[in-house]
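For reference, the chains in residue letters:
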Amino acid sequence: MTDVETTQEKTTVVDRILTEYPQGKRDALIPILQEVQAQQGYLSREAIVKIGKHLGLAASKIYGVATFYNQFRFQPLGKFHIQVCRGTACHVKNSTAVLDTLRRELKIEPGETTRDGLFSLEVVACVGACGLAPVICVNGEFYASMTPAKTRRLIEEIRERAEEHGN
Ligand code: FES
């Protein structure tokens, strides 16, 4: 798919969502953002501009609101989306060290995607596997009892696998 096709597809998705909300109905902002993110995986610049036009809000205002809620992201997900659990059981077992390792290794913060598009990082609430704490999820697959060393190995393995497959 070309960039042009991608943009057109995104535009159509946002347009369709916006038709469900009356123009200028500003209290619809959060539900619209949630729906766009659910459909596209993130809030693109084009989507923000379109939403702003529809609701009569400046794009800067929408960014301001969206960044306040840390559920929103502004970059597409990476090929490998890593979620770090920040629930209590994981926190007690030092999930912070795992998260710090990922930030250092990938050179991104939660909510961001690496430049090569390989990894994206997110911090999430309890994923319901407290017995395996601390837990991380990669594309929905659970990795249990993580340590900084295990985390580094996992990233290395994923990079190697991606390279083998020509990514
Ligand atoms: S606290 Fe991490 S899985 Fe429940």
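Provided above is the structure to which this section pertains.
Just so we're clear, the structure is a prediction, and the values are computed from it rather than from any experiment.

Criteria and thresholds
Residues numbered from 1 in each chain as written. Predicted model: local features only at pLDDT ≥ 70, side-chain atom pairs only at ≥ 80, totals over all residues. Buried ≥ 20, exposed ≤ 12 C-beta atoms within 10 Å, placed from the backbone. Helix = DSSP H or I, 4+ residues; strand = E, 2+ residues; numbered from the N terminus. Arc of directions from axis to C-beta. Pairing = 2+ DSSP bridges. Axes fitted to C-alpha atoms, helices over the stretch in contact; angles between N-to-C directions. Contact = placed C-beta atoms within 7 Å. Parallel < 35°, antiparallel > 145°, perpendicular 65-115°, else oblique. Left-handed = near helix turned anticlockwise from the far one by under 90°. Nonpolar A, V, L, I, M, F, W, Y, C, P; charged D, E, K, R; others polar.

### Let's talk about helix 3 (residues 45–55)
Phase 1: Within the sequence span of helix 3, burial applies to A47, I48, K50, I51, H54 and L55. In a view along the axis of helix 3, the buried residues occupy a sector of 165°, so they form one face of it. Residues of helix 3 that are exposed and point over 90 degrees away from its buried face: R45 and K53.

### Here we look at the environment of D116
Phase 1: By secondary structure assignment, the location of D116 is in the loop between helix 6 (95–106) and strand 2 (119–124).
Phase 2: Judged by C-beta crowding, with 11 C-beta atoms within 10 Å, D116 ranks as exposed.
Phase 3: Taking C-alpha positions, D116 is 8.4 Å from G78, a pair spaced 38 residues apart along the chain.

### Topic: the sheet that holds strand 3 (residues 136–138)
Phase 1: Overall, mixed pairing links the four strands, which are arranged 2-1-3-4 in an open sheet. Lying at the two open borders of the sheet, with one neighbouring strand each, are strand 2 and strand 4 (141–143). Along the sheet, successive strands turn relative to each other by an average axial angle of 25°, direction set aside.
Phase 2: For strand 1 (residues 80–85) and strand 2, the ladder comprises six bridges, and the chain directions are parallel. Bridged to F80 within strand 2 is F119.
Phase 3: The strands touched by helix 6 within the sheet are strand 1, strand 2 and strand 3, with strand 1 carrying the most contacts at an inclination of about 150°.

### Here we look at the packing of helix 3 against helix 4 (residues 59–68)
Phase 1: Between helix 3 and helix 4, whose axes approach to 9 Å, the crossing angle comes to 110°. With respect to each other, helix 3 and helix 4 are oriented roughly perpendicular. Crossing hand, helix 3 versus helix 4: right-handed. In contact with I48, V49, I51 and G52 of helix 3, helix 4 contributes A59, I62 and Y63.
Phase 2: For the contact of helix 3 with helix 4, the class distribution of residues is six nonpolar, one polar and no charged.

Nothing here speaks to function; it is all geometry.
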